[in-house]
Amino acid sequence: MLTAKCRRGRKDPTTGQSTTSRILIAHPSIPHWGSFMELCGTSDPHVQAAKTWYTRTGFDCIIMQKSVFGHVWNSFLTLNLRHGESLIKQGVCTAQDVNTVLRHLGREFYAR
């Protein structure tokens, strides 16, 4: 996560007005596997400008309305991994079985 505070007197490139701070977080998935970007920021014009730019460069973007630990992508990944770990601990299946299921689940998502 990157946050920044501008010094007083800097010009906002989207409005030309003087600004004291703006924050934009751009959180990509693993870029060489897919082109997905999560955006979150304090200034809607900056977030929209970033979404436009990333979309033009081939990314599918979502705009997060507020920050969440791990962002959306990692939240879903963590949920699946924790549930797989729970199934292993309960003796439902092996770790190799969970890997196989997750691999096929990913293929099903990709195929859609």
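What comes next concerns the included structure. No experiment lies behind these values; they were computed from the predicted model shown.

### Quick notes on helix 2 (residues 71–89)
Every α-helix winds through 3.6 residues per turn, so residues three or four apart in the chain are directed the same way. When the terminal C-alpha atoms of helix 2 are compared, their 27 Å separation across 19 residues agrees well with the 27 Å that a helix rising 1.5 Å per residue should span. Phi for Gly91, located one or two positions after helix 2, is positive at around 80°.

### What about the packing of aromatic side chains?
On inspection of all chains with the given rule, the structure shows 3 aromatic pairs. With a centroid separation of 5.5 Å and an interplanar angle of 80°, the aromatic rings of Tyr54 and Phe59 are classed as edge-to-face. The pair formed by Tyr54 and Phe59 is uniform in burial state, with each residue classed as buried. Ring pairs connect the aromatic residues Trp53, Tyr54 and Phe59, which therefore count as one cluster.

Scoring rules and cut-offs
- Residues numbered from 1 in each chain as written.
- Predicted model: local features only at pLDDT ≥ 70, side-chain atom pairs only at ≥ 80, totals over all residues.
- Heavy atoms only, no water.
- Helix = DSSP H or I, 4+ residues; strand = E, 2+ residues; numbered from the N terminus.
- Expected span 1.5 Å × (residues − 1).
- Phe/Tyr/Trp six-rings, centres within 6.5 Å; stacked < 30°, edge-to-face > 60°.
- Buried < 20%, exposed > 50% of the residue type's maximum accessible area, 1.4 Å probe, protein only.

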